[in-house]
Amino acid sequence: MSTREGNLEAPTRHPLDWKTPDFYNEGKLMHELERIFDICHGCRRCVSLCTAFPTLFDLIDESSTMEVDGVAKADYWKVVDECYLCDLCYMTKCPYVPPHPWNLDFPHTMLRAKAIKFRQSGASFRDKLLSSTDMMGKLASIPVVVQAVNASLKSKPIRKLVDGVMKIHPDRQLPEYDSAKFRATARPRSDFAVKAGEKTPGKVAIYATCYVNYNEPGIGHDLLKLLAHNEIPAVLVEKEACCGMPKLELGDLDAVARLKEINIPHLAKLAREGYAILTAVPSCTLMYKKELPLMFPHDADVQAVMEAMWDPFEYLMARNVDGLLKTDFKRPLGKVSYHVPCHQRVQNIGNKTRDALQLAGATVNMVERCSGHDGTWGVKSEHFAKSMKIGKPVFRQMAEPQPDYVSSDCAIAARHILQGMGETATAQKQHPITLLRIAYGLE
């Protein structure tokens with residue numbers, strides 16, 4: 001029994017022991033779930049974060065004993081299905097995470113459950129398709145195909161048909177594809193002199209991410225413009241595949257390992273050459289900073305990449321501290337409602353995007369709460385209504401100042417928020433990287 005109520009130290013995390021037979025032992029999983037659920041039942045601090053905790057507490061409160069022992073083990077999977085691994089409970093709410101002796105890691109226990117479920121029964125065609133971001137992007141962005149794909153995304157009859165067959169909600173606004181892929185059209189400049197600062201490497205490598213490469217290449221081009229304006233030499237990662245986050249959320253850890261074998265050699269080479277590696281999607285940054293190092297704690301290349309990986313605004317604001325960031329902003333941004341994505345918050349880097357927007361002269365209304373979309377979770381028909389419900393407080397808080405711009409480092413969260421704000425919303429949706437490019441007056 002613990003002798004203290006909660007943690008006095010910062011959260012730490014144990015490596016994910018996913019290669020041992022016990023990890024996939026369902027009986028041992030159920031024992032651990034019962035232990036964790038009982039602690040959560042006695043605390044309930046996380047009830048407002050997502051639908052996983054209300055689902056758990058409803059199961060307990062409606063059971064014959066009104067305790068965890070009254071909940072059927074088969075119903076534990078209902079809780080697992082509601083968890084989308086945002087990590088906020090672990091990093092911002094739970095008082096019993098390591099180094100507390102109760103050693104409660106709710107997200108990684110949910111991940112273990114998802115991995116067992118995947119190993120036992122695989123995944124639906126829809127879930128496999130949605131988590132195969134590279135394959136989807138390559139097919140959908142073919143020049144002859146892209147117009148048809150984008151038109152179908154806006155066609156109500158086609159969307160209803162897709163919902164009937166694949167259970168992708170017809171009302172979910174989905175990102176279009178772009179045939180002018182970022183990696184094919186990017187022209188990074190590497191001709192500037194390398195100026196390393198006390199806190200920052202003086203040269204940058206860009207890991208494009210599936211989303212920037214196939215859906216919104218403009219974000220990547222704007223990042224290159226920011227780097228060029230600040231005379232920071234930049235290159236693209238020679239070869240890349242999906243970071244693996246969609247497969248991680250599915251519980252397909254073997255697929256995560258295969259993607260790691262594609263990406264890490266190229267990234268590790270750049271890390272050892274002294275590059276700062278930047279990704280414009282927080283989930284991808286988190287994958288290399290946190291999840292892969294926990295899956296492969298003894299892999300020196302993975303650890304090297306972890307040390308070299310930066311959020312773009314984490315890097316830019318560190319350059320500012322080094323006295324190496326230009327502040328010659330020319331265009332006012334006005335009012336910006338800025339949403340902090342969950343996968344950025346749990347990186348523990350501080351509010352660097354907000355700081356950069358304020359440095360550029362923006363009046364920033366910052367909202368730190370889960371938007372409810374979370375990758376593919378909010379796309380699925382069975383979760384769409386829940387995702388909109390979770391997002392309601394965010395939609396309201398983002399709309400209240402009547403902003404000029406709605407922005408989030410997570411582009412799909414920003415789209416979800418603008419959809420939730422409704423048709424009367426007049427704000428433009430722009431990525432923070434694009435806002436900084438606008439503030440500099442760059443074309």
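Now for a look at the structure at hand. None of these values were measured; they are calculated from a predicted model.

A look at helix H19 (residues 352-359)
- For H19, the full list of buried residues reads Thr-353, Ala-356 and Leu-357. Viewed end-on, H19 has its buried residues packed into an arc of 100°, placing them on one side of the element.
- Following H19 by one or two positions, Gly-361 has its phi on the positive side, about 100°.

A look at the sheet that holds strand S3 (residues 276-279)
- Pairing within the open sheet is parallel, and its four strands lie in the order S2-S1-S3-S4. Two strands close off the open sheet at either side, each with one partner strand: strand S2 (234-236) and strand S4 (309-310).
- Across four bridges, strand S1 (residues 204-207) lies against S3 in parallel orientation. Of the residues in S3, the one forming a bridge with Ala-205 is Ile-277.
- Set on the sheet, helix H12 (residues 217-229) makes contact with S1, S2 and S3; between it and S1 the angle comes to about 175°.

Section: the packing of aromatic side chains
- Throughout the structure, instances matching the rule amount to eleven aromatic pairs.
- Both rings, one in Tyr-96 and one in Trp-102, keep their centres 4.5 Å apart while their planes meet at 40°; by these two values the pair is tilted.
- Overall, the relative accessible area of 22% leaves Trp-102 in the partly exposed class.
- Chaining the aromatic ring pairs together yields one cluster made of Phe-37, Phe-53, Phe-57, Tyr-76 and Phe-106.

Here we look at the environment of Leu-357
- Inspection of the secondary structure puts Leu-357 in helix H19.
- Separated by 271 residues in sequence, Leu-357 and Cys-86 place their C-alpha atoms 25 Å apart.

Here's the deal with the pattern of salt bridges
- For the structure shown, the criterion picks out 30 salt bridges.
- With a closest N to O distance of 2.8 Å, Arg-126 and Glu-382 form a salt bridge. Residue Arg-126 is located in helix H6 (residues 125-130), and its partner Glu-382 is located in helix H20 (residues 381-399); the two are separated by 256 residues in the primary sequence.
- One salt bridge in this structure joins Glu-216 and Arg-415, with 3.3 Å as the shortest N-O distance. Of this pair, Glu-216 sits in the loop between helix H11 (210-214) and H12 while Arg-415 sits in helix H21 (residues 411-421), and the two are 199 residues apart along the sequence.
- By sharing partners, the salt bridges in this structure join Arg-126, Asp-127, Lys-380 and Glu-382 into a single network.

Points about H21
- The buried fraction of H21 amounts to nine of the eleven residues, a majority that puts the element mostly inside the structure.
- Where H21 is concerned, the buried positions are Ala-411, Ile-412, Ala-413, Ala-414, Arg-415, His-416, Ile-417, Gln-419 and Met-421.
- At the exit of H21 stands Gly-422, carrying a positive phi of roughly 95°.

Observations regarding the packing of H12 against helix H22 (residues 432-440)
- Interhelical geometry of H12 versus H22 gives an angle of 45° and a closest axis separation of 9 Å. The orientation of H12 relative to H22 falls into the category oblique. Judged by the sense of rotation from one axis to the other, the crossing of H12 with H22 is left-handed. In this structure, H12 contributes Ile-219, Asp-222, Leu-223, Lys-225, Leu-226 and His-229 to the contact, and H22 contributes Ile-433, Thr-434, Leu-436, Arg-437 and Tyr-440.
- Taken together, the residues that form the contact of H12 with H22 break down as six nonpolar, two polar and three charged.

Quick notes on the nonpolar core
- Phe-37, Phe-106, Leu-253 and Leu-333 are the most contacted members of the largest nonpolar core, which totals 124 residues.
- Top contributing element to this core by residue count: helix H14 (residues 253-272), with eight residues.
- Those residues in contact with Leu-333 that lie beyond four places of it in its chain are Leu-357, Ala-360, Ala-362, Asp-404, Tyr-405, Leu-435, Ile-438 and Ala-439.
- Counting ten residues, the second largest nonpolar core, distinct from the first, contains Val-367, Phe-384, Val-394 and Met-398.

A word on the pairing of strand S7 (residues 405-408)
- Where burial is concerned, the two faces of S7 agree: the one with Tyr-405 and Ser-407 and the one with Val-406 and Ser-408 are both buried.
- When strand S5 (residues 335-339) meets S7, the two strands line up parallel, connected through four bridges. Paired with His-339 across the two strands is Ser-408, which belongs to S7.
- Two elements, S7 and strand S8 (residues 428-429), share two bridges in a ladder whose sense is parallel. Within the sheet, the bridge partner assigned to Tyr-405 lies in S8 and is Gln-428.
- At this point the chain moves from S7, through H21, to the parallel S8, and the crossover so formed is right-handed.

Digging into the sheet that holds S7
- The strand order across the open sheet formed by four strands is S6-S5-S7-S8, and the pairing between neighbours is parallel. Two strands lie at the open edges of the sheet, namely strand S6 (363-367) and S8, each paired on one side alone.

The rules behind the values
Note that residues are indexed from 1 along each chain, following the sequence as it is written. Only residues with pLDDT of at least 70 are given local features in this predicted model, and only at 80 or more are side-chain atom pairs given and counted; all residues enter the totals for whole chains, interfaces and linings. Computation of side-chain values: all heavy atoms of the structure, hydrogens and water removed. When accessible area is computed with a 1.4 Å probe and restricted to protein chains, residues below 20% of their type maximum are described as buried, those above 50% as exposed, and intermediate ones as partly exposed. Each helix is a run of DSSP H or I of at least 4 residues and each strand a run of E of at least 2, with the numbering of both proceeding from the N terminus. As used here, the arc is the angular range of directions from the helix axis to the C-beta atoms. The rule for pairing is simple: two strands pair if DSSP sees at least two bridges between them. Residues are treated as being in contact if the distance between any of their heavy atoms lies within 4.5 Å. Under this scheme, a helix contributes an axis fitted over its contacting stretch, all axes are lines through C-alpha atoms, and angles between N-to-C directions fall in the 0 to 180 degree range. Between the rings of Phe, Tyr and Trp (Trp by its six-membered ring), a pair exists once the centres lie within 6.5 Å; its type follows the angle of the planes, with under 30 degrees stacked, over 60 edge-to-face, and the other angles tilted. Basic side-chain nitrogens of Lys or Arg form a salt bridge, by our definition, when they fall within 4 Å of a carboxyl oxygen of Asp or Glu. Here roughly perpendicular refers to angles of 65 to 115 degrees, roughly parallel to angles under 35, roughly antiparallel to angles over 145, and oblique to all remaining angles. For any pair of crossing helices, the crossing counts as left-handed if the nearer helix is rotated counterclockwise from the farther one by less than a right angle, and right-handed if it is rotated clockwise. Each residue gets one of three labels, nonpolar for Ala, Val, Leu, Ile, Met, Phe, Trp, Tyr, Cys and Pro, charged for Asp, Glu, Lys and Arg, and polar for the others, Gly among them. Buried Ala, Val, Leu, Ile, Met, Phe, Trp, Tyr and Cys residues that are joined via side-chain atoms within 4.5 Å together make up what is termed a nonpolar core. Here, the term right-handed applies to a crossover whose path from the first strand over the helix to the second runs clockwise when the strands point away from the viewer.

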